[in-house]
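# Understanding the architecture of this molecule
So you can see what is in the structure, the chains are spelled out below.
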Amino acid sequence: MSPSRTVQSRAIREPVQLPEPEHDVARALRDVMHAFRTIMEGEMRSRGASLSFAHAMLLKALAREPGLSGAQAARRTQVTAQTMNVLLRNLESVGYAVREPNPENKRADRWFLTQDGLRHMELGHSVAVALAAKMLLPLSDRDADRLQQLLQKCATALHAVQDGKAPATTRSAA
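Residue numbers run consecutively from 1 along every chain, following the written order of its sequence. The model is predicted, so local features are restricted to residues of pLDDT at least 70 and side-chain atom pairs to those at 80 or more, both for listing and for counting; the totals for chains, interfaces and linings are taken over all residues. Only hydrogens and water are set aside; all other atoms, that is, all heavy atoms of the structure, feed into the side-chain values.

### Considering the environment of Lys134
- With respect to the secondary-structure elements, Lys134 resides in helix 5 (residues 115–135).
- Taking the C-alpha atoms as reference, Lys134 lies 33 Å from Gly70; in sequence the two are 64 residues apart. Going along the chain from the N terminus, every DSSP run of H or I of four or more residues is numbered as a helix, and every run of E of two or more is numbered as a strand.

The structure is reproduced here in structure tokens:
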């Protein structure tokens, strides 16, 4: 509907009953990620490090692939280019990352982790590993391995959809 129309629409003031999916995996994943991020950021703050979870993911990406452009880093960490620009500038301002001109592309800088950035990333990594271990405590080692395998299958199916392919099916129609 175009904004020029003068159709009046009344506000909905009561909750709308929506059908619940048979398996609400997306909600469970969101809940896990939200709790993980919140607790991790709190743990980092308690250790004197005030950068966000997104900063931690960026530091990890720069450690794995030195010299990423901002656009490449945005894709690796699944944030917008605008958000990545802010994250990179924040890391640069605290001395955790430096940028250099890209000899192959004059319009895109290359970004590198600094020694201070590496130390901060290692602290974040140790906090994340400890938190993940606590998260998995209710599961047996076998269940944790199976959970990882199942989530990887879900990711593979979504990548197939993203690529315009039909995901492999193993579910029965029962």
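### Comments concerning the layout of surface pockets
- A 1.4 Å probe that fits into a set of points on a 1 Å grid over the protein atoms alone but cannot get out defines a cavity; an open set with protein on both sides within 12 Å along at least five of seven lines defines a pocket, and lining residues are those with an atom within 4 Å of a point. Grid points are joined across faces, edges and corners, and a volume is the space filled by probe spheres set on the points. Of the voids in this model, the largest pocket is the one considered here, and its volume is about 1,800 Å³.
- Taken together, 41 residues form the lining of the largest pocket, with Met33, Phe36, Phe53, Met57 and Leu151 sitting closest to its centre.
- By residue number, the principal contributor to the lining of the largest pocket is helix 6 (residues 141–162), which donates 12 residues.
- As for the second largest pocket, its lining consists of 13 residues, of which Lys153, Cys154, Ala157, Ala168 and Thr170 are closest to the centre.
- The greatest single-element share of the lining of the second largest pocket, amounting to six residues, is contributed by helix 6.
- Within the lining of the second largest pocket, the residues separate by chemical class into seven nonpolar, four polar and two charged. Each residue gets one of three labels, nonpolar for Ala, Val, Leu, Ile, Met, Phe, Trp, Tyr, Cys and Pro, charged for Asp, Glu, Lys and Arg, and polar for the others, Gly among them.

### Digging into the pattern of salt bridges
- Whenever Lys or Arg places a side-chain nitrogen within 4 Å of a carboxyl oxygen from Asp or Glu, that contact is recorded as a salt bridge. Counting across every chain of the model gives seven salt bridges.
- Where Arg30 meets Asp31, a salt bridge forms, and the shortest distance between an N and an O atom there is 3.2 Å.
- Only protein chains enter the accessibility calculation, which uses a 1.4 Å probe; a residue is then buried when its area is under 20% of its type maximum, exposed when over 50%, and partly exposed in between. You can call Asp31 partly exposed: its relative accessible area is 41%.
- Between Arg99 and Glu92 there is a salt bridge, with the nearest N and O atoms lying 2.9 Å from each other.
- The class for Arg99 is partly exposed, based on a relative accessible area of 34%.
- Salt bridges sharing common partners tie together Glu92, Arg99 and Asp109.

### What to know about the side chain of His120
- The residue His120 is located in helix 5 in this model.
- In this structure, His120 is in contact with Met44, Ala49, Leu51, Leu59 and Tyr96, ignoring residues within four places of it in sequence. By definition in these notes, contact holds between two residues if any of their heavy atoms fall within 4.5 Å.

### Some details on helix 4 (residues 81–93)
- When the terminal C-alpha atoms of helix 4 are compared, their 18 Å separation across 13 residues agrees well with the 18 Å that a helix rising 1.5 Å per residue should span.
- Inspection of helix 4 places Met84, Leu87, Leu88 and Leu91 among the buried residues, and these make up the whole buried set. For helix 4, the angular spread of buried residues about the axis comes to 95 degrees, placing them on one side. Along helix 4, exposed side chains directed more than 90 degrees from the buried face belong to Gln82 and Ser93.
- Lining the buried residues of helix 4 we find helix 2 (53–64), helix 3 (70–77), strand 1 (97–100) and strand 2 (110–113).
- Of the residues one or two after helix 4, Gly95 is the one with positive phi, at around 85 degrees. Here the expected span of a helix is defined as 1.5 Å times the quantity of residues minus one. Comment: arc refers to directions from the helix axis out to C-beta atoms.

### Thoughts on the packing of aromatic side chains
- What counts as a ring pair is set by centres within 6.5 Å for rings of Phe, Tyr and Trp (its six-membered ring), and what kind of pair is set by the plane angle: stacked under 30 degrees, edge-to-face over 60, tilted for all other angles. Inspection of every chain in the model, using the stated rule, returns one aromatic pair.
- Ring geometry for Phe36 versus Phe53: centroids 6.3 Å apart, planes at 85 degrees, classification edge-to-face. Here Phe53 lies in helix 2 and Phe36 lies in helix 1 (residues 25–46), a separation of 17 residues in the sequence. Grouping residues by exposure puts Phe36 and Phe53 together as buried.

### Points about the nonpolar core
- One finds Leu58, Leu59, Leu62, Met84, Leu88 and Leu91 to be the most contacted residues of the largest nonpolar core, which totals 18 residues.
- Here this core gets five residues from one element, more than from any other, and that element is helix 2.
- Residue types Ala, Val, Leu, Ile, Met, Phe, Trp, Tyr and Cys, when buried and joined through side-chain atoms within 4.5 Å, form a set referred to as a nonpolar core. If you look at the next biggest cluster of nonpolar residues, it comprises nine residues, including Met40, Ala49, Phe53 and Val127.

### Structural notes on the side chain of Thr77
- With respect to the helices and strands, Thr77 occurs in helix 3.
- We classify Thr77 as buried; its relative accessible area is 16%.
- Here Thr77 is in contact with Met57, Leu58, Ala61 and Met84, once residues within four sequence places are set aside.

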